Amino acid sequence: MPYNLELMESILEFIYLHREIIFILILSVFLGVEVISNVPSVLHTPLMSGANAIHGVVIIGAIIVMGHAETTLALILGFVAVVLGTLNVVGGFVVTDRMLSMFNKKQKQ
Amino acid sequence: MDEVIKAEELFSFTLGESILEITYIIASVLFIVGLKKLSHPDTARRGNIWAATGMALAIVSTLVFHKQDGEHIHNIGWIVAAIATGTLIGTLIARRVQMTAMPQLVSFFNGMGGAAAALISLMEFPHISPDLIRAHGMFNGQVLVILLGLMIGSVSFSGSMIAYGKLDGKISDIRSGLLRIVNMALLVLLVAFIVYIMSLGAVEPASVMPLLYAFLAISLLYGISFVMPIGGADMPVVISLLNSFTGVAAAMGGFLYNNQVMLTGGILVGSAGTILTILMCKAMNRSLSNVILGAFGGSKADDSGEAGQIKEIGISDAAVLLNYSPKVLIIPGYGLAVAQAQMLTREVDHKLGQNGVEVHYAIHPVAGRMPGHMNVLLAEADIPYDKLLESEEANEQMQDVDLAVVIGANDVVNPAAEEDPSSPIAGMPILQAYKAKNIIVMKRGMGLGYAGIENKLFYNDKTRMLFGNAKESLQQVLNEIKNMD
């Protein structure tokens, strides 16, 4: 029983410590749903690709890890993480732009 | 004096920090607005650029202003080198790859993001705050967030790679009831790992590393076995799902570092990706669980007895039929993309247009490999937007169509979806090509579509089959039409 209490306390404390970020999390979920709910099917592929690039924001984490790496191994792993994250970001945005440039071309005609 | 210096340090600290936070807020807004703009045809391209700007802002600002325990980012040179390397490779791949291979590409980039998230978790685990462990043991938020980030990131990575391989034709489907049990077992095992590691109490994180590696291995394995049994035709849905997974994995990093931009960016994609996945499933009139558990390809209707006779058509007859039908509707499928026949289609269209034939295209929402994929491919071939009809519009006009030309499509014109309630594709909205006055089906052979079922349209009295590679057939038809002038 005391163990359960401790567990309860830990969970509550966690929620309290991260209350702002939990707020952001919940609001972001609704926002994400709201923002794209009326998308025409023509744009599904570019939208997926654009969203794909946005989650490349994980690169920020990779930069932070690498920026505080102390051992060579950590530096190497961090390097790999940053490269992969950049691939996600840059590749994602470039390919989305390439897809969308084709839609623009035909609108001019 | 000391106090002044201290105060100044404190000041410069808050200044840098607040600039960082402000740029994060701006970046988050740019992500949201970008995503919003991306979902409207007129503003989509700008939206993408807005989101990219937000990302650049967040990255630069992190490099310059981020502080952890009062220290700036080290190894700036290496980090910039890594970013440059990634930029170079990413741009090259994104520019060079053919448009038909785009779904694979999205999957590949998605996998990269997942891998990055997993690596971050792996490297942060030994650095879990000792105070936290002293107070709560392993049962704390950081451990949970790291474990979830590791699991979701690696599932997304290995799953995306399998999806990539499948779309590229390098990996074939494995359908087996056993795999479903294996999947369940792996999932249970992963949960058990999380519970066990968190219940370890106050231990040194470094001593848990072997367990963590095992956890990583099982996560990777789960990603593989999760995607393996899902049919190639369902890969778009899977990629969209894995896309939202990576979003969640990135958000876990946001929790870990108390980093708002990672959190908003990640969760935004997580929720938007989930909705997109559901929208895609709806376009196919299937549920997500149906896709994941794989109901396709199970029962093969063996009603070939009553199906009737296949009637072939030669090149010259096809050319005549095309040239003298006032109203032609082209129904493109992935076969057209595989054969790289978009450009030739446009040429045929152009030639017919000169001869007074009215040509339109009917685009099924799931034609191609991803919803919207066919639109991109046709746009690449300079086919005007106003010639493309959506399913409903096309079906309304279908009985006035003199000739429907089905190029490399199968399941999306299969009347079984409307007639046969026991069919695996029952209820899927189709293009009602069977209502047209005449139908030509261009196809490589009598192979079944992705759903693995017979198509009665091919046996219809009005249907003529033109077998062969779509590109070659179209070229011959084009030459034939030109000869008629």
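Reading the values: the criteria
Residues numbered from 1 in each chain as written. Chains lettered and ligands numbered in written order. Predicted model: local features only at pLDDT ≥ 70, side-chain atom pairs only at ≥ 80, totals over all residues. Heavy atoms only, no water. Phe/Tyr/Trp six-rings, centres within 6.5 Å; stacked < 30°, edge-to-face > 60°. Helix = DSSP H or I, 4+ residues; strand = E, 2+ residues; numbered from the N terminus. Buried < 20%, exposed > 50% of the residue type's maximum accessible area, 1.4 Å probe, protein only. Pairing = 2+ DSSP bridges. Axes fitted to C-alpha atoms, helices over the stretch in contact; angles between N-to-C directions. Contact = heavy atoms within 4.5 Å. Domains from an automatic or database assignment. Buried area = accessible area lost by both parts, 1.4 Å probe. Salt bridge = Lys/Arg side-chain N within 4 Å of Asp/Glu carboxyl O. Polar contact = N/O pair within 3.5 Å; in protein donor to acceptor, adjacent residues only side chain to side chain. Nonpolar A, V, L, I, M, F, W, Y, C, P; charged D, E, K, R; others polar.

## Considerations on the packing of aromatic side chains
All names here are of chain B. The final tally for this structure, using the stated rule, is six aromatic pairs over all chains. On the basis of an interplanar angle of 50 degrees and a centroid distance of 5.9 Å, the ring pair of Phe108 and Tyr164 is categorised as tilted. Of this pair, Phe108 sits in helix α4 (residues 102-124) while Tyr164 sits in helix α6 (residues 141-167), placing them 56 residues apart in sequence. Judged by relative accessible area, which is 18%, Phe108 ranks as buried. Overall, the relative accessible area of 25% leaves Tyr164 in the partly exposed class. For the pair Phe193 and Phe215, a centre-to-centre distance of 6.0 Å together with 40 degrees between the ring planes defines the contact as tilted. Of this pair, Phe193 sits in helix α7 (residues 177-198) while Phe215 sits in helix α8 (residues 209-227), and the two are 22 residues apart along the sequence.

## Some thoughts on the sheet that holds strand β6 (residues 403-407) of chain B
Strand pairing in a sheet relies on backbone hydrogen bonds, with the paired strands running either antiparallel or parallel. Residues and elements named next belong to chain B. What the six strands build is an open sheet, ordered β5-β4-β3-β6-β7-β8; its pairing is parallel. Edge positions in the sheet fall to β5 (388-390) and β8 (463-467), since each of these pairs with one other strand and no more. Looking at each pair of strands side by side, their axes are set apart by 25 degrees on average, direction ignored. Relative to β6, strand β3 (residues 327-332) is paired through five bridges, and the arrangement is parallel. Its bridge partner being in β6, Val328 is matched across the sheet by Leu403. Here helix α15 (residues 342-354) sits on the sheet and contacts β3, β4 (358-363) and β6; the angle it forms with β4, its principal contact strand, is near 145 degrees.

## A closer look at the domain arrangement of chain B
Residue and element names in this part refer to chain B. The domain architecture assigned to chain B consists of domain 1 (1-96), domain 2 (102-296) and domain 3 (304-484). The centre of domain 1, based on its C-alpha atoms, is set 25 Å off from the matching centre of domain 2. Contacts between domain 1 and domain 2 engage 11 residues on the former and 10 residues on the latter. For the pair domain 1 and domain 2, the two sides together bury roughly 850 Å², of which 77% comes from carbon and sulfur. Connecting domain 1 to domain 2 are zero salt bridges. In this assembly, domain 1 and domain 2 are joined by two residue pairs in polar contact (both at pLDDT 80 or more). Contributing elements (two or more residues each) for the side of domain 1 that touches domain 2: α1 (2-38) and α3 (76-96). Looking at which element gives the most residues to the side of domain 1 that touches domain 2, the answer is α1, with seven residues. Its residues assigned to classes, the side of domain 1 that touches domain 2 comprises eight nonpolar, two polar and one charged.

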